Amino acid sequence: MVTRALLLKLSESKRLAPFIMSNDVSRRVARRFVAGETLDDAFEAARILNKAGLSASLDQLGENVNDETGARSTVDGYLATFDRIARQRLDANVSLKLTQLGLDLNETLCEELVGKIVEHATSLGNFVRIDMEGSAYTQQTVELTKRVRAKYAGVGTVMQAYLYRAEQDVQDLLRLGCRLRLCKGAYKEPPDIAFPNKADVDANYVKLMKILLPSGVYHGIATHDPAMIQATKDFVREKNVGRDQFEFQMLYGIRTDLQEQLVREGYRLRIYIPFGTDWFPYFMRRLAERPANLMFFLRNLMPGR
Ligand SMILES: Cc1cc2nc3c(=O)[nH]c(=O)nc-3n(C[C@H](O)[C@H](O)[C@H](O)COP(=O)(O)OP(=O)(O)OC[C@H]3O[C@@H](n4cnc5c(N)ncnc54)[C@H](O)[C@@H]3O)c2cc1C
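Residues numbered from 1 in each chain as written. Predicted model: local features only at pLDDT ≥ 70, side-chain atom pairs only at ≥ 80, totals over all residues. Heavy atoms only, no water.

Side note on the layout of surface pockets
Computed from the structure, the largest pocket encloses a volume of approximately 1,400 Å³. If you go around the largest pocket, you meet 46 residues; those closest to its centre are Arg4, Lys184, Gly185, Ala186 and Glu289. Taken together, the elements giving at least two residues each to the lining of the largest pocket come down to helix H1 (2-10), strand E4 (155-160), strand E5 (179-183), helix H9 (198-212), strand E7 (246-251) and helix H12 (280-289). Looking at which element gives the most residues to the lining of the largest pocket, the answer is H12, with five residues. Grouping the amino acids of the lining of the largest pocket by side-chain chemistry returns 23 nonpolar, seven polar and 16 charged. (1 Å grid on protein atoms, 1.4 Å probe; cavity = no way out; pocket = protein on both sides within 12 Å on 5 of 7 lines; lining within 4 Å. Points joined across faces, edges and corners; volume = space filled by probe spheres on them. Helix = DSSP H or I, 4+ residues; strand = E, 2+ residues; numbered from the N terminus. Nonpolar A, V, L, I, M, F, W, Y, C, P; charged D, E, K, R; others polar.)

A closer look at the pattern of salt bridges
Scanning the entire structure with this criterion turns up 25 salt bridges. In this structure, Glu112 engages Arg72 in a salt bridge whose closest nitrogen and oxygen atoms are separated by 3.4 Å. Of the two residues, Glu112 sits in helix H6 (residues 107-123) while Arg72 sits in helix H5 (residues 68-87), which places them 40 residues apart along the sequence. When its relative accessible area of 38% is taken as the criterion, Glu112 is described as partly exposed. A residue is classified by how much of its surface remains accessible, and Arg72, at 30% relative accessible area, is partly exposed. (Salt bridge = Lys/Arg side-chain N within 4 Å of Asp/Glu carboxyl O. Buried < 20%, exposed > 50% of the residue type's maximum accessible area, 1.4 Å probe, protein only.)

Digging into the site of the ligand
Surveying the vicinity of the ligand reveals 25 residues, the closest of which are Lys184, Gly185, Thr223, Glu289 and Asn293. For the ligand, an oxygen atom lies 2.7 Å from a polar atom in the side chain of Glu289. In isolation the ligand has 920 Å² of accessible area, and contact with the protein removes 89% of it. Here the ligand is seated within the largest pocket. Put simply, the parts of the chain that give the shell around the ligand at least two residues each are E4, E5, E7 and H12. If one sorts the elements of the shell around the ligand by residue count, E7 sits on top with three residues. (Near = heavy atom within 4 Å. Polar contact = N/O pair within 3.5 Å; in protein donor to acceptor, adjacent residues only side chain to side chain. Areas by Shrake-Rupley, 256 points an atom, 1.4 Å probe, with all protein chains shown as cover. Sits in = over half its atoms within 2 Å of the grid points.)

Overview of unusual backbone geometry
Even without being glycine, Arg89 reaches a positive phi, approximately 50°. Summarising the element assignment, Arg89 is placed in the loop between H5 and strand E2 (92-96). Although it is not a glycine, Asn240 adopts a positive phi angle of roughly 60°. Residue Asn240 is classed as exposed on the basis of its relative accessible area of 68%.

Remarks on the packing of H6 against helix H7 (residues 138-151)
Relative orientation of the contacting elements H6 and H7 amounts to 45°, with a least axis distance of 10 Å. With respect to each other, H6 and H7 are oriented oblique. Considering only the axes of H6 and H7, their crossing is right-handed. Contacts between H6 and H7 involve Glu107, Cys110, Glu111, Val114, Gly115 and Val118 from the first element and Gln140, Leu144, Arg147 and Val148 from the second. Class assignment for the residues of the contact of H6 with H7 results in five nonpolar, two polar and three charged. (Axes fitted to C-alpha atoms, helices over the stretch in contact; angles between N-to-C directions. Parallel < 35°, antiparallel > 145°, perpendicular 65-115°, else oblique. Left-handed = near helix turned anticlockwise from the far one by under 90°. Contact = heavy atoms within 4.5 Å.)

Structure follows, in structure tokens:
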């Protein structure tokens, strides 16, 4: 728990980032979780996954853009990405973060930019997933998603089962027919807003999954946890929810054994493919999730290897 909290704190460090990102060993270890630095790398990874029967969600890494020019150029990148997905008939959508689109700068601007991307995606029959960031952004993300969803169908967001508020948000967003990705939550949150114990997070995850899946809306069950996956399989069997009515989702490079197994069993699976040069916070959150990842990283840092 202490290591997790420390790594999550360090993931926000502007001083540590350049050191880790310029280090050859960290770059090599990060490649396990990040498809590469360019859009070409992400497309290549998605093509390989598509061939194996998996869908993709492309995530251009980058958080907390603080100038309007940066936010606007991010939009151009996304529009071009959707065009290229359509041209190449890739089975892929896009995941993005509102702080990449100027949420810290100006919420109205951010909404305008997200609207442009979602309008374009919807016109191509595609979909934008708005990732959920730390709790400082939850309310804004939920409200902005609702407003954009009221105009365009091709948008959804993410619910974090560790938050006490998640059930209420699920109910509100379902009223709009909003597609949701259910995950446990990856940030460091205090006990007054988030369940501190894993068992309670897991119980809430299962509870929310059981609300989402019979709703008639297409949702994503995002987890690598065999217990959550089994609970989902049992529930859909019991309630006759078709395998084409939801998808499992996992992160690039994590539990590929489980990924293959789900596809073999005939479930839909989408892989979240992060790419780009700004991989430090994402990498640190993945290290925080699993002590073995940190040990692997530290072992590789040892001289003489
Ligand atoms: C597609 C997808 C999108 C996501 N989007 C968001 C988002 O928008 N906002 C957000 O806060 N979080 C997001 N997350 C992260 C999520 O909240 C969790 O932090 C993460 O998925 C770990 O939780 P878990 O459900 O896999 O269960 P855990 O209980 O954390 O892990 C269960 C098992 O999964 C494996 N595992 C989990 N993480 C790792 C890892 N890093 N490396 C190796 N093995 C691992 C281990 O075998 C572990 O025992 C997303 C996750 C996925 C899969």
